[in-house]
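# Topology and contacts: notes
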Amino acid sequence: MRRAILLGLGGLMLAGIAPAFSGDPAAGRKVANMCRTCHGLDGVAKIPIAPHIGGEPSSYLQTQLFAFKSGARRHEMMSVVASGLSEQQIVDVSAWYAAHKVTASLPAGADPAGAPKGCTGCHGTDGIALYDEAPNLAGETNIYIDTQLKAFKRGKRTHALMSGIAEGMSDEEIRAAADWYAAVELKVDAAKE
């Protein structure tokens, strides 16, 4: 399974997903002012349908923002926001949010063996991703995770790995995975301004 995941992630690079560029977190902090209403200046989402982005790897954030900018990924708000950003602004705002440090802890009494088996290989038991290409899921709202998994399952969102994984999940398994990661406590230590 681990070999299949690594091969899949390597395939993403071969498929043309650009490597991350280094950005300037201080310049990104200024760009982040337009993100704060939904994602917060520290990357902790302010609304349940937005993901936490503080502490995500810069490469992951860049990939998502460039996908919104190009139209490869669509979202009512994010497509508009990303289309108005220059490439340098994307790189810088990604560096700002990546500069935040995150930690996660399972709820008291939670058995790590209860973590969703199909998710932990990339997203970790505690929801802190094990690979730069995978997002953190710790502390996300269950509605956000549920919505994204169902989008992958139904083909509204596509990804070399996630589409196949979500396709094989029942709605009950999706809800259980969403509930697991939503219960994890996420702590974000904000980057220095």
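An account of the accompanying structure is given in this report. (Residues numbered from 1 in each chain as written. Predicted model: local features only at pLDDT ≥ 70, side-chain atom pairs only at ≥ 80, totals over all residues. Heavy atoms only, no water.)

### Considering the environment of Trp-180
Tracing the backbone through its elements, the reader meets Trp-180 in helix H10 (residues 171-182). When its relative accessible area of 15% is taken as the criterion, Trp-180 is described as buried. Between the C-alpha atoms of Trp-180 and Ala-138, which are 42 residues apart in sequence, the distance is 8.9 Å. What Trp-180 contacts, discounting residues up to four positions off in sequence, is Leu-106, Ala-110, Asp-111, Pro-112, Gly-114, Ala-115, Pro-116 and Thr-125. (Helix = DSSP H or I, 4+ residues; strand = E, 2+ residues; numbered from the N terminus. Buried < 20%, exposed > 50% of the residue type's maximum accessible area, 1.4 Å probe, protein only. Contact = heavy atoms within 4.5 Å.)

### Focus on empty space enclosed by the protein
The full count for this structure, using the stated rule, is one cavity of 30 Å³ or more. Considering the residues around the largest cavity, the lining is formed by His-52, Gly-54, Glu-56, Val-102, Asn-136, Ala-138, Glu-140 and Leu-186. For the lining of the largest cavity, the class distribution of residues is three nonpolar, three polar and two charged. (1 Å grid on protein atoms, 1.4 Å probe; cavity = no way out; pocket = protein on both sides within 12 Å on 5 of 7 lines; lining within 4 Å. Points joined across faces, edges and corners; volume = space filled by probe spheres on them. Nonpolar A, V, L, I, M, F, W, Y, C, P; charged D, E, K, R; others polar.)

### Some points on the pattern of salt bridges
According to the stated counting rule, one finds six salt bridges in the structure shown. Note that Asp-146 is salt-bridged to Lys-150, the shortest N-O span being 3.1 Å. Of this pair, Asp-146 and Lys-150 both sit in helix H8 (residues 142-153), separated by four residues, roughly a single helical turn. The partner of Asp-171 in a salt bridge is Lys-153, with the nearest N and O atoms 3.4 Å apart. (Salt bridge = Lys/Arg side-chain N within 4 Å of Asp/Glu carboxyl O.)

### Brief notes about helix H4 (residues 58-70)
For an α-helix, 3.6 residues make a turn, and residues three or four places apart therefore share a direction. In this model, H4 (13 residues) spans 18 Å end to end at C-alpha, consistent with the 18 Å of a helix rising 1.5 Å per residue. Inspection of H4 places Ser-58, Tyr-60, Leu-61, Gln-62, Gln-64, Leu-65, Ala-67 and Phe-68 among the buried residues, and these make up the whole buried set. Buried-residue contacts for H4 involve helix H5 (78-83) and helix H6 (87-98). Looking one or two residues past H4, Gly-71 carries a phi angle of roughly 95 degrees, positive in sign. (Expected span 1.5 Å × (residues − 1).)

### Concerning the nonpolar core
Of all hydrophobic cores here, the largest spans 17 residues; its most connected members are Ala-32, Leu-61, Leu-65, Val-93, Trp-96 and Tyr-97. Counting residues per element, the ones that place at least two in this core are H4, H5 and H6. Ala-115, Phe-152, Ala-177 and Tyr-181 belong to the second largest nonpolar core, which has 15 residues in total. (Core = buried A, V, L, I, M, F, W, Y, C linked by side-chain atoms within 4.5 Å.)

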